Amino acid sequence: MGSQGGFGQSKEFLDLVKSIGEARSKSEEDRIVLHEIEMLKRRINEPDIPKRKMKEYIIRLVYIEMLGHDASFGYIHAVKMTHDDSLLLKRTGYLAVTLFLNEDHDLIILIVNTIQKDLKSDNYLVVCAALNAVCKLINEETIPAVIQQVVELLGHPKEGVRKKAVMALHSFYQRSPSSVNHLVSSFQKKLCDNDPGVMGATLFPLYDLITIDVNLYKDLVVSFVNILKQVAERRLPKSYDYHQTPAPFIQIKLLKILALLGSGDKRSSEHMYTVIGDIMRKSDTTSNIGNAILYECICCISSIQSSPKLLETAADAIAKFLKSDSHNLKYMGIDALGRLIRLSPEIAEQHQLAVIDCLEDPDDTLKRKTFELLYKMTKSSNVEVIVDRMIDYMISINDSHYKTETASRCVELAEQFAPSNHWFIQTMNKVFQHAGDLVNPKVAHNLMRLIAEGFGEDDDTADSQLRSSAVESYLQIVDQPKLPSAFLQVICWVLGEYGTADGKYSASYISGKLCDAAEAHSDDDIVKAYAVTALMKVYSFEKAAGRKFNLLPECQSLLEELSASHSSDLQQRAYEFQAILDLDANAIENIMPLDASCEDIEIDKSLSFLDSYVHKSLEEGAEPYIPEHERSGTLSISNMGNQNQYDTSSHSLRFEAYEVPKPVIPIGIPAPISYPTELVPLPEPSYQRDVQPIASLGPVSDAGSTGLKLRLDGVQKKWGKPTYSSAASSSTSNSDSHRTTVSGATQPDTVVSKSRESSSYDSSSRRQPHVEVSEEKQKLAASLFGGTSSRSEKKQSGGTAAGGGGHSKVSRVSNHTEEKVRPTTTVVQPPPPDLLDLAEPTGTMSSSSSVIDPFKQLEGLLDMSEDGITATPSNGPDLMSLYSENGQNLNQNTILNEKDDPSSENTTKRTASLTKGPSLKDALNKDALVRQMGVNPTSQNPNLFSDLLG
């Protein structure tokens, strides 16, 4: 302690720390720190600063960095301090640079030579300081510069140096495993070091190596067991004890290593039985660290080929955990029980009442851990109780992450262990109703496929009952408000496929329900698409069966509405519906076969049925088809024919950067035409100047009297500022459904960090009075744990058909989730273009482009009826797409491909920005016209001069 009452620091520094500690707000603290930074910037650059003062300045910089402020102006001074001969200043410099810098910092190169020199020092304290810096600052590129010196320090006479050398090599292995592979034998030798600290440090790199390949280290099992036995017998110095427990952290790391080495190896496991049993008997259960060792022993027993005696000892330890009043120990007991039931399921039945108490505990973390345990011990006899409990818990929580996880587990258990068809349908309805759109979209596809395929292999009666049960339940639910979109898609699909299959409900009743669903969710285009397709199926099945039907007025009004919809997907479905109704019964039966959703469709990719038509067309003079891979590079002015002059040879959007515009120099004029800098940037002198005729410049009437002429031929950029719709990109992600597993072994210091247990379990259990178990709790325990079954029965129940018939197809659903689901197509939007980028196109220009007024062409495209200009061929791009407000062409084919994907939202977001003309008939006519050109209109005619000239 210094004379001022601090650690040799000045009163000024102590006052700084005091003032920051007494600051009443963050702004006041920041003001004090900023004042200190300004003061240090002035003082630290003063000449001839005493070393004692410089050391204090460096410590102040460390304090400033710890408070979250930038002190980079002083980093170089900390690096300089590492070169000092004084041990105190050198250690201060190393401490500062390890806190200031990272392994990729530019200043690292300045201290590598200093580290090399200090690693050879005779003072072991200097060597330790250098090794500390090596662990933090040496990166993959600088490892070869110091690794040889670090290896030599493994034989240093000081145990502290040897320990830090092992830690440095471990850090090298974590950064670059290939650089330390030849040093594995050195780690094994240090395992036998006389100092327990060096041995304990060696366990960490060995654990990493064993994790990668266990078989290479099987010969070390006996060594690890002997070390663990010596530690447990208190043969280490007293300085390694922690709360009267001998070297607990070494014990925990050794147990983790033994768990890896004994997994699936009976011979290696037999060497571990005695020492693990001794540790469990000697563990001090009155302290947190003792409970941590006991928990790690249970984890080790669950991993190795354990013996019945060890399982019994582990069950007794779990009983103590579950009977404790500490939530931390209960949590640990539930986690340990979940590990052991995989080896011995009957262990859970011994603690059924304790598990139910944890299930009803107000601690949400403990409750979630208990549900993980129940998830692992679910079988066909208790699936109804467990899933109902999980659904009730899912309804009560608001956390979307855990609600999603719980919903996926409910779906998985219901698919695997469903006792009956009716229960399965009702359970899925509850999950969809209460979890909403948090349910994985693939669950909806699985449910639809399950209903289509059925449960039984060849039992048509069971399949019919399943579909009838689904139809009845969905007819009761479809009128409820605020149903999730994915659930409505399932409902519409099932009602369309099987609503009238059993003859219980008429086509008019089913179609009325579907029309009501479409009307109630008019803002969801995907639901409306499913609804109109379901209506088409209902009426098609009726007409194919020869039954008379009348199209409901609400159905007719829905078709009229969708025929004029902004969504091309909905339009197409409506038009297909009307076209199919006009066909005869035989054609409809071939187009819409009954109950054929699971049949494979054979596709003739060669289109051989068109051979006769193609042959006839070729004889009449038609051009032969050129494959796409042979088409590239063959187009030219001669074979392009009447294609638009702005079309490129690739027939696709261009995403590469445009070239810098080149100025036009007229022939016969010595000086180039100057353009105003606010409109077109001056070209760089390095670009080549092309000489082109002045006739290529079209007159601009609104440009004023300055004679400004703007060359527009070949421009393929859109003008005007992007609107809000251009930045809105919609994409749909179909995440794979997964089965959530229980996390790995919890670190003991984390598990027991909050425990305040101070008395033994035996004494605490004696103090607790006998409590009678309620009848309701006994019934719950009987339903959860009743009926002990072997592991073979559990496997059989998982693969047996629910309800007792044949192999269950539900598991096949999860295994074949993606076979018949169409991929979602996402429209990629190019970045907004530079408004002044007037580069020439890469394609060949028509010779007449220089004499045609481009504005006349644009006007012709905007209104063809008035100007009489011939429309752009369908295989060329439309210039309207270059001036659209939202900056993107909506590809009709892309939209149509998304019509059957219930998880796609591209159609909804994309069509929301489309606008039609004031007259419905005119809007339809314009849509038909521009679709012939290959684009969809997105706005009224743009004001070209306003966009071009600002």
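The structure presented is a predicted model; accordingly, all values stated were derived computationally and were not measured.

J.: Explain the overall build of the chain to me, using residue names and the numbers behind them.
T.: Across its full length, the chain holds 46 helices and two strands. Taking contacts inside the chain between residues at least 6 apart in sequence as the whole, the part at least 24 apart equals 71%. Accessible area for the chain stands at about 49,600 Å²; split by element, carbon and sulfur atoms hold 51% of it.

J.: Before we move on, can you summarise the packing of aromatic side chains with the specific residues and values?
T.: Tallied over the entire structure, the rule returns nine aromatic pairs. Aromatic pair Tyr242 and Phe249: ring centres 5.7 Å apart, planes at 50°, arrangement tilted. Taking relative accessible area as the criterion, Tyr242 reaches 40% and is therefore assigned partly exposed. Judged by relative accessible area, which is 48%, Phe249 ranks as partly exposed.

J.: Account for unusual backbone geometry, naming residues and giving values.
T.: Here the phi dihedral of Arg234 falls at roughly 60°; this positive angle occurs in a residue that is not glycine. Looking at where Arg234 falls in the secondary structure, it is placed in the loop between helix H12 (221-232) and strand E1 (241-242).

J.: Please provide a residue-by-residue account of the confidence of the model for the chain, values included.
T.: For the chain, the mean per-residue pLDDT works out to 74, and 66% of the residues sit at or above 70. In the predicted structure, residues 667-769 sits below a pLDDT of 50 and forms 179 contacts with residues beyond four places in sequence or in another chain.

J.: I'd love a proper account of the packing of helix H29 (residues 525-544) against helix H31 (residues 568-581), names of residues and values included.
T.: Across the interface, H29 lies against H31 with an axial gap of 10 Å and an inter-helix angle of 5°. For the element pair H29 / H31, the angle class is roughly parallel. For the pair H29 and H31, contact is made by Asp525, Lys528, Ala529, Val532, Thr533, Leu535, Met536, Tyr539, Ser540 and Lys543 and by Asp569, Leu570, Arg573, Glu576, Phe577, Ile580 and Leu581, respectively. Classifying every residue of the contact of H29 with H31 gives nine nonpolar, two polar and six charged.

J.: Describe in detail the nonpolar core, supporting the description with residues and values.
T.: Nonpolar side chains in soluble globular proteins generally cluster together in the buried interior. Among the nonpolar cores identified, the biggest contains 203 residues, and Phe172, Phe224, Ile276 and Tyr474 are the most heavily contacted of them. Take this core: its biggest share by element is 11 residues, from H29. Leaving out residues up to four positions away in the same chain, Tyr474 has contacts with Asn429, Leu447, Ile451, Phe487, Val490, Ile491, Val494 and Leu495.

J.: Talk me through a nonpolar patch on the surface; I want residue IDs and the actual numbers.
T.: Together, Leu607, Phe609, Leu610, Tyr613, Val614 and Leu618 give the surface a local cluster of nonpolar side chains, amounting to about 600 Å² of exposed area. For Val614, the position within the fold is in helix H33 (residues 611-619). Classification of Val614 by relative accessible area gives partly exposed; the value is 41%.

J.: Would you mind going over the state of the cysteines in detail, with residue names and values included?
T.: If you walk through the whole model with that rule in mind, you get zero disulfides. Between Cys555, a cysteine without a disulfide, and Cys515, which holds the nearest cysteine sulfur, the sulfur-to-sulfur distance is 4.5 Å. Classification of Cys555 by relative accessible area gives buried; the value is 0%.

J.: Give a detailed account of the pattern of salt bridges, specifying residues and quantitative values.
T.: Counted under the stated rule, the structure contains 29 salt bridges. One salt bridge in this structure joins Arg60 and Glu12, with 3.5 Å as the shortest N-O distance. Of this pair, Arg60 sits in helix H3 (residues 51-66) while Glu12 sits in helix H1 (residues 11-21), placing them 48 residues apart in sequence. Put simply, Glu56 and Arg60 hold a salt bridge, and the shortest N to O gap is 2.5 Å. With Glu56 and Arg60 both in helix H3, this residue pair falls four residues apart, about one helical turn. Assigned by exposure class, Glu56 and Arg60 land together as buried. One salt-bridge network, held together by shared partners, links Glu12, Glu36, Arg43, Glu56 and Arg60.

J.: Would you mind going over the environment of Tyr393 in detail, with residue names and values included?
T.: Within the secondary structure layout, Tyr393 lies in helix H22 (residues 383-396). Remark: the alpha-carbon pair of Tyr393 and Arg368, spanning 25 residues in sequence, is separated by 9.2 Å. A distance of 3.3 Å separates a polar atom in the side chain of Tyr393 from a polar atom in the side chain of Asp364.

J.: Give me the environment of Gln572: which residues, what numbers.
T.: Locating Gln572 in the fold gives a position in helix H31. Along the primary structure Gln572 and Leu562 are separated by 10 residues, whereas in three dimensions their C-alpha atoms are 8.7 Å apart.

J.: Report on helix H24 (residues 421-435), specifying residues and quantitative values.
T.: Between its first and last C-alpha atoms H24 spans 21 Å; for 15 residues at 1.5 Å apiece the expected length is 21 Å, and the two agree. On its buried side, H24 packs onto H22, helix H23 (400-417), helix H25 (441-453), helix H26 (460-477) and helix H27 (485-498). The N-capping residue of H24, defined by a side-chain oxygen 3.2 Å from the backbone nitrogen of Trp423, is Ser420. Looking one or two places after H24, you find Gly436, whose phi comes out positive at around 65°.

J.: Tell me about the packing of H24 against H25, and please be specific about residues and values.
T.: Between H24 and H25, whose axes approach to 12 Å, the crossing angle comes to 160°. In terms of axis orientation, H24 runs roughly antiparallel to H25. By crossing handedness, the relation of H24 to H25 is classed as left-handed. Contact with H24, carried on its side by Phe424, Ile425, Met428 and Phe432, involves Val443, Ala444, Leu447, Leu450 and Ile451 of H25 and no other residues of that element. In terms of residue class, the contact of H24 with H25 is made up of nine nonpolar, no polar and no charged.

J.: Break down helix H21 (residues 364-376) for me, with residues and values.
T.: Taking 1.5 Å per residue as the helical rise, H21 with its 13 residues ought to reach 18 Å, and the 19 Å between its terminal C-alpha atoms agrees with that figure. Taken together, the buried positions of H21 are occupied by Leu366, Arg368, Lys369, Thr370, Phe371, Glu372, Leu373, Leu374 and Tyr375.

J.: Could you give an account of the side chain of Gln149, with specific residues and numbers?
T.: Locating Gln149 in the fold gives a position in helix H8 (residues 143-152). Classification of Gln149 by relative accessible area gives buried; the value is 13%. Looking at Gln149, its side chain comes within polar contact range of the main-chain oxygen of Gln116, at 3.0 Å. Contact partners of Gln149, with chain neighbours within four places excluded, come to Gln116, Leu119 and Lys120.

What counts, and where the lines are drawn
Residues numbered from 1 in each chain as written. Predicted model: local features only at pLDDT ≥ 70, side-chain atom pairs only at ≥ 80, totals over all residues. Heavy atoms only, no water. Helix = DSSP H or I, 4+ residues; strand = E, 2+ residues; numbered from the N terminus. Contact = heavy atoms within 4.5 Å. Areas by Shrake-Rupley, 256 points an atom, 1.4 Å probe, with all protein chains shown as cover. Phe/Tyr/Trp six-rings, centres within 6.5 Å; stacked < 30°, edge-to-face > 60°. Buried < 20%, exposed > 50% of the residue type's maximum accessible area, 1.4 Å probe, protein only. pLDDT = per-residue confidence, 0-100. Axes fitted to C-alpha atoms, helices over the stretch in contact; angles between N-to-C directions. Parallel < 35°, antiparallel > 145°, perpendicular 65-115°, else oblique. Nonpolar A, V, L, I, M, F, W, Y, C, P; charged D, E, K, R; others polar. Core = buried A, V, L, I, M, F, W, Y, C linked by side-chain atoms within 4.5 Å. Patch = residues over 30% accessible without salt bridge, like charges linked within 9 Å, V, L, I, M, F, W, Y side chains within 5 Å. Salt bridge = Lys/Arg side-chain N within 4 Å of Asp/Glu carboxyl O. Disulfide = S-S within 2.5 Å. Polar contact = N/O pair within 3.5 Å; in protein donor to acceptor, adjacent residues only side chain to side chain. Expected span 1.5 Å × (residues − 1). Left-handed = near helix turned anticlockwise from the far one by under 90°.

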